[in-house]
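# Structural features, examined
Residues per chain are reported as follows:
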Amino acid sequence: MLFKSLLTFILAFPFISPAFPQSSLKFSDRLSCQLEAPKSSAQLGKLICRGLNPHWEYTLLLSQGKKHLRFFYKNLNPKLDYLLFAVPYYWHGKINYALKGENNSTLWEGSFYIKPFKGGVSKIEIKKNPNNDGKKNNLRKEISIQYSLIRRTLRKITFQRFYENRAIFPLEGKFRISSPFGVKRYVNGRFVGFHKGVDIAAPYGTPVRASLSGKIVLARKLILTGNTVIIDHGEGLMTLYAHLSKIFVKKGEFVRQGQIIGKVGSTGRSTGPHLHFGVYLRDIAVDPLQFFKFELKP
Ligand SMILES: [Zn+2]
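The model shown is predicted, which means the values in this text are computed figures rather than measured ones.

## Considering the overall build of the protein
Within the protein one finds four helices and 20 strands. Per-residue burial over the protein gives 30% buried out of 298 residues. Relative to all contacts within the protein whose residues are 6 or more apart in sequence, the contacts with residues 24 or more apart total 66%.

Pasting the structure below:
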């Protein structure tokens, strides 16, 4: 009888009872994380944790002054898991991070420092044709529609992992880096953006391989990037292959790491046969040459 009334009391006031800890306390108390911070901007990092709640959605908040970035995760393994994140090329210095649980409480936090990204500058002059103005407006409209399509595709997150531990270089044989990542580009003195990938010059027809396993989310001809393929490797990690002469894959298809997805070409806005290779984590461009060295899993 005494036991029963005690139990009723405890159930009625669970917040004062240490015998009924709330699951949030249980998990956050057990949580322990270790940060593998990127050395420079435009690189990936990971937070490796033990004791995550598999039923929760987590947010990793990166902040620097008024700039904020949020990365979402779910279906995590409570024994050991990791949260991939990326630092944009225009962030440098001290960056604060905070891991937040479902009730927006901060579970783990800290900071790290990164070196600024050093990209070169490229200036080109293009002669204007005054007779093409009408045509140009339609073209511009189409380019902007296609640009939005690429952004939308790169922002979609599949909460599954298809990727291996390390990415492979997409080309074999003869090639050279003709334009590195992060080059600031000017056309006729106007800043048109920074180079969000790496250009790899190679003989026309060189096979192009999937850098990691994944699902094809875009495989079509576009105005600027020509024949373009985007592979979703899961968790918002994607690779982009542009200016291909041929595409061998279709949207929705799964490809394995190393599988030939197309051939090097010069389609779209291109001055010679090369592969433009891009790597994105949740639409944040990262330096592909650093990406090949990065171990994606702990
Ligand atoms: Zn390029």
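Right, picking up where we left off after that structure.
## Re the nonpolar core
Of all hydrophobic cores here, the largest spans 56 residues; its most connected members are L60, L83, V229, Y241, Y280, L281 and V286. Element by element, the count of residues in this core is highest for strand β16 (residues 237–247), at seven residues. Each of domain 1 (31–114) and domain 2 (121–291) accounts for three or more of the residues forming this core. Ignoring anything within four residues of it in the chain, the contact list for Y280 reads L154, M238, L240, A285 and V286.

## What to know about the pairing of strand β15 (residues 226–232)
In summary, the side chains of a regular strand alternate between the two faces of the sheet. For β15, a buried count of six out of seven residues is recorded, marking the element as mostly surrounded by other parts of the structure. Across seven bridges, strand β14 (residues 214–222) lies against β15 in antiparallel orientation. Bridge assignment links I216 to a residue of β15, and that residue is I231. With five bridges joining them, β15 and β16 adopt antiparallel strand pairing. Counted as the bridge partner of V229 is Y241 from β16.

## Here's the deal with the pairing of strand β3 (residues 58–64)
Inspection of the sheet shows β3 paired to strand β4 (residues 67–73) by seven bridges, in the antiparallel sense. In the sheet register, L62 faces β4, and the bridge partner there is L69. A loop of two residues connects β3 with β4, the two strands running antiparallel in sequence, and G65 in this loop sits at a positive phi of about 60°. Relative to strand β6 (residues 93–100), β3 runs antiparallel, the two sharing five bridges. Paired with L61 across the two strands is A98, which belongs to β6.

## Quick look at the sheet that holds strand β2 (residues 43–50)
Across the sheet, which stays open at both edges, the three strands sit in the order β1-β2-β5 with antiparallel pairing between neighbours. Two strands lie at the open edges of the sheet, namely β1 (32–36) and β5 (81–87), each paired on one side alone. Across the sheet, the axes of successive neighbouring strands diverge by a mean angle of 20°, strand direction being ignored. Sheet analysis places β2 next to β5, joined by seven bridges and oriented antiparallel. Across the sheet, the residue bridging to G45 is F85, located in β5.

## Thoughts on the confidence of the model for the protein
Taken as a whole, the protein shows an average pLDDT of 89; of its residues, 88% reach a score of 70 or greater. Note that pLDDT drops below 50 for residues 6–27; the model gives that stretch nine contacts with residues more than four away or on any other chain.

About the criteria used
- Residues numbered from 1 in each chain as written.
- Predicted model: local features only at pLDDT ≥ 70, side-chain atom pairs only at ≥ 80, totals over all residues.
- Helix = DSSP H or I, 4+ residues; strand = E, 2+ residues; numbered from the N terminus.
- Buried ≥ 20, exposed ≤ 12 C-beta atoms within 10 Å, placed from the backbone.
- Contact = placed C-beta atoms within 7 Å.
- Core = buried A, V, L, I, M, F, W, Y, C linked by C-beta atoms within 7 Å.
- Domains from an automatic or database assignment.
- Pairing = 2+ DSSP bridges.
- Axes fitted to C-alpha atoms, helices over the stretch in contact; angles between N-to-C directions.
- pLDDT = per-residue confidence, 0-100.

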